[in-house]
Structure formats: structure tokens, C-alpha cells
Amino acid sequence: MADITGDQRIQSEVLEGLATAVNHRRWFVELALPYLGDNPIEIGSGLGDYAIEWAEHLPRFTATEADPDRLVLLKERMADHPNIDVRQMLLPSPDANGEYSAAVSYNVLEHIEDHVGALRSMADLVRPGGRIIIIVPAFMFAMSNVDIATGHIRRYTKKTMSAAMTEAGLQIEKMHYANALGLIGYYGATSIFKLAPKEGPMVKVYDSIVLPVTKAAESVVKPPFGQSVFVVARTPA
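Description of the structure in this document. None of the values given here were measured: they were computed from a predicted structure.

### Comments concerning the overall build of the protein
Okay, so step 1: When you go through the protein residue by residue, the secondary structure sums to nine helices and seven strands.
Okay, so step 2: Here the protein holds 237 residues, and 52% of them are scored as buried.
Okay, so step 3: Considering only residue pairs separated by 6 or more positions, the protein has 76% of its internal contacts joining residues 24 or more positions apart.

What follows is the structure in C-alpha cells.
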């Protein structure tokens with residue numbers, strides 16, 4: 001499998017900017033939490049923002065990172081969290097022994113050329129019948145220079161995500177689009193105004209005003225489109 005693509009510096013800048021979107025992160029934390037089990041592993045933990053919030057609810061959590069520089073920062077940040085183990089990992093992993101209750105990966109699969117192989121490797125990390133929880137960016141029409149600079153090979157629909165999961169031998173339990181207004185805002189910012197999602201007033205307004213409205217609406221009715229595809233799949237028993 002090819003390495004995860006993209007400019008690591010630009011990826012880190014975007015991660016740092018998105019780290020300020022606290023309400024967005026907490027929403028996506030809540031989406032995965034019911035499916036993580038007692039000992040999950042995260043593929044591509046980045047700066048560790050999701051890992052820290054998930055680990056507050058779990059006895060044990062494993063955070064991983066492929067990039068050596070971000071791995072050093074991740075280990076330093078997790079030093080004060082004794083229930084979080086940190087590993088370097090680039091799929092496929094040679095020591096995938098099926099010990100984890102679930103594998104969760106947010107905004108990573110779109111960087112990997114062999115995404116079906118990556119899903120199979122995640123399944124190998126998980127106990128029989130465990131879950132694979134994925135969030136990926138949605139809709140190729142929203143592919144922008146930001147996507148390209150950060151190494152996105154593709155964006156997904158529910159149809160293409162379902163096809164990848166099925167080819168990897170995984171059974172989909174739940175799948176839906178998330179953050180409909182976010183897709184409109186992302187397309188406008190990155191494709192029309194050529195902006196990157198970095199820390200600033202735009203991110204703060206979106207996170208404090210737009211995001212809560214979107215979350216409340218989507219808790220009642222799942223939208224026909226969104227900025228992301230959220231999917232939960234089960235490994236063979």
C-alpha cells in the first residue's frame with residue numbers, strides 16, 4: 001500500500017486550524033462513541049484531539065500516527081493521559097493481531113490509494129465482530145486545491161463508500177451524510193473564495209453559530225448530502 005499522501009506541513013496547519021472548531025469535534029466524537037467498545041484503536045490520530053475526548057469515556061485507547069514528526073508531538077501530548085497508548089502505524093500493519101474492540105479513523109482513508117486494502121488492514125486489527133468506524137469527506141464536486149494540497153485522492157458518496165466496504169468484506173451497520181451546511185460552506189470557502197480552513201473568524205462563526213443548528217436538525221432528519229460520510233461497519237464474526 002502506498003504511503004499516505006500530501007504535504008505534511010499543510011496537513012498540520014489545517015489540523016491546527018480545525019482544532020479550534022470545538023463543537024464540530026464534539027459532535028463527531030459523539031457519533032463514534034457508542035461503537036468503540038472497551039479498547040479501540042484510532043488510525044491517524046494527528047494532534048490527538050479526538051483521542052483525548054474519546055479516552056475520557058474508555059478504560060484504554062490506542063492512538064496512532066504515521067508521520068514521524070507528528071508522532072513525536074502526539075507522544076508528548078499524551079504523556080499526561082495514562083490510559084492512552086501511542087504507536088507509529090502505517091497500514092498495512094505487520095502486527096495486526098485482532099486485539100482491539102474497534103478501529104476508528106477520521107479523514108484518513110481519502111489519503112490512501114489502496115483504500116480497500118486499508119479497510120482490510122483495519123479489520124485485521126479488530127476482534128471478530130468488532131466495528132470499523134470511518135468519517136471521510138463527501139462529494140467529488142467539492143474537491144478543491146485544499147484537498148489536493150493536503151493529499152486527498154478522492155471524496156466519497158454513500159455509494160462509493162458502500163462499494164469499498166463491501167469489497168473489503170465488511171458489513172455496513174450504519175451510514176449517513178453529516179454536516180450539510182458544512183458542505184455548502186466548505187465549497188464556497190475553498191472552491192469559490194480559495195480559502196483554507198485555518199484558525200480565524202470564519203471557523204469560529206461556523207463552529208459557534210452554524211454548527212449547533214446543523215447538529216440539531218440532523219439529529220431529527222438525516223440530510224441527503226453533507227460535508228462528510230459517516231459509516232459504521234462490522235468485521236466478520
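From this point, the discussion proceeds with the structure in view.
### Digging into the sheet that holds strand β6 (residues 171–178)
The strands that make up a sheet pair up through hydrogen bonds in the backbone, lying either parallel or antiparallel.
Okay, so step 1: Ordered in space as β3-β2-β1-β4-β5-β7-β6, the seven strands form an open sheet in which the pairing is mixed. Two strands lie at the open edges of the sheet, namely β3 (84–88) and β6, each paired on one side alone.
Okay, so step 2: In this structure, strand β1 (residues 41–42) lies alongside strand β4 (residues 100–106), joined through two bridges in parallel fashion. Considered in β4, the bridge of Glu 42 is made with Val 104.

### A closer look at the pattern of salt bridges
Okay, so step 1: This model, assessed by the stated rule, comprises nine salt bridges.
Okay, so step 2: With its nearest N and O atoms 2.8 Å apart, the salt bridge here joins Arg 77 to Asp 49. Here Asp 49 lies in helix α3 (residues 49–55) and Arg 77 lies in helix α4 (residues 68–78), a separation of 28 residues in the sequence.
Okay, so step 3: The exposure class assigned to Asp 49 is buried, which follows from its relative accessible area of 15%.
Okay, so step 4: Across the pair Asp 85 and Arg 60 runs a salt bridge whose closest N-O atoms are separated by 3.2 Å.

### Section: the environment of Ala 237
Okay, so step 1: Examined against the element boundaries, Ala 237 turns out to sit in the segment after β7 (228–234).
Okay, so step 2: Counting along the chain gives 109 residues from Ala 237 to Pro 128, while the straight-line C-alpha distance between them is 4.5 Å.
Okay, so step 3: Filtering out sequence-adjacent residues up to four positions away, Ala 237 remains in contact with Pro 128 and Gly 129.

Cut-offs used in this document
Residues numbered from 1 in each chain as written. Predicted model: local features only at pLDDT ≥ 70, side-chain atom pairs only at ≥ 80, totals over all residues. Heavy atoms only, no water. Helix = DSSP H or I, 4+ residues; strand = E, 2+ residues; numbered from the N terminus. Buried < 20%, exposed > 50% of the residue type's maximum accessible area, 1.4 Å probe, protein only. Contact = heavy atoms within 4.5 Å. Pairing = 2+ DSSP bridges. Salt bridge = Lys/Arg side-chain N within 4 Å of Asp/Glu carboxyl O.

None of the figures reported here should be taken as evidence of function without further support.
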